[in-house]
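# Structural overview
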Amino acid sequence: MSKNGKKIRIFSALEVANICGVVNQTAINWIKNQHLKAFTTPGGQYRIYAEDLLEFLESRGMRIPDELIELTRDSERRTILIVDDDRDLNSMLREILVRKLPEYEVVQAFDGFEAGRLLAENNPVCVVLDIDLPGIDGHKLCAKIKEDPKLHNPLVISISGLDPEKDGKQIVEEGADAFFPKPLDFDALVEAITEKLH
């Protein structure tokens, strides 16, 4: 079974009940009362996507089994998001990443609004983030990415053409995993992504 073309684990109501330590009817009630997102099979059975179960557990502060974290990470999080308003650089970096890291889907955002939408849609495993973005503070966006529990702490590689020494130190202190000044050393950047993701 796939969602958005990606393979993902699907749970029955009974499996959800077992994970949550409740009886089957409680899990069914959660679904009927629209607390837990689910769909119905042709045979009338409830089925729940792993990502929807994860969201349900997180929203209620319930313990999340390691198996579920790994499942959602492996099945959904195969995307690298590039956020940079310099279209030429963004496209060049995308071409390099697609060529060097073919196992990942690479998506592009050219402003903060688009970045927010693509973060929510793709839940990327890595974000290459330009600090100097029009209309949005790259430092604040970095902190937001790192603090959002729904994003599961993606790798953030920050880039900037402003003051490399000041920006680099500050953004790493704010949670970025690495910093690269512009003009970019593409090989070093790809190497950092590969090393930190594997």
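Before reading further, recall that the structure is shown in the block above.
Now for a quick tour of the structure. (Residues numbered from 1 in each chain as written. Predicted model: local features only at pLDDT ≥ 70, side-chain atom pairs only at ≥ 80, totals over all residues. Heavy atoms only, no water.)

### So, the pattern of salt bridges
Any two side chains of opposite charge can pair if their charged atoms end up close together. For the structure on display, the rule yields seven salt bridges. Residue Asp 84 is joined to Lys 182 by a salt bridge in which the shortest nitrogen-to-oxygen separation is 3.0 Å. Taken together, the residues Asp 84 in the loop between β6 (79–83) and α5 (87–100) and Lys 182 in the loop between β12 (178–181) and α9 (186–197) connect sequence positions 98 residues apart. Here the salt bridges do not stand alone but share partners, grouping Asp 84, Asp 130 and Lys 182 into one network. (Salt bridge = Lys/Arg side-chain N within 4 Å of Asp/Glu carboxyl O. Helix = DSSP H or I, 4+ residues; strand = E, 2+ residues; numbered from the N terminus.)

### Section: the environment of Arg 117
Here Arg 117 is to be found in helix α6 (residues 112–122). Residues Arg 117 and Leu 57 lie 60 residues apart in sequence; the distance between their C-alpha atoms is 23 Å.

### A closer look at the pairing of β6
Summarising burial for β6: five of the five residues are buried, a large majority. On β6, burial covers both faces: Thr 79, Leu 81 and Val 83 on one face and Ile 80 and Ile 82 on the other are all buried. Looking at chain direction, β6 and strand β7 (residues 105–109) are connected through five bridges and run parallel. Among the inter-strand pairings, Leu 81 is bridged to a residue of β7, identified as Val 107. Relative to strand β8 (residues 126–130), β6 runs parallel, the two being bridged by four bridges. Bridge pairing links Ile 82 to Val 128 in β8. (Buried < 20%, exposed > 50% of the residue type's maximum accessible area, 1.4 Å probe, protein only. Pairing = 2+ DSSP bridges.)

### Regarding the pairing of β12
In this structure, strand β11 (residues 155–160) lies alongside β12, joined through four bridges in parallel fashion. Note on β12: the bridge partner recorded for Ser 158 is Phe 179. What joins β11 to β12 is helix α8 (residues 164–173), and the crossover it makes is right-handed. (Right-handed = clockwise from strand over helix to strand, strands pointing away.)

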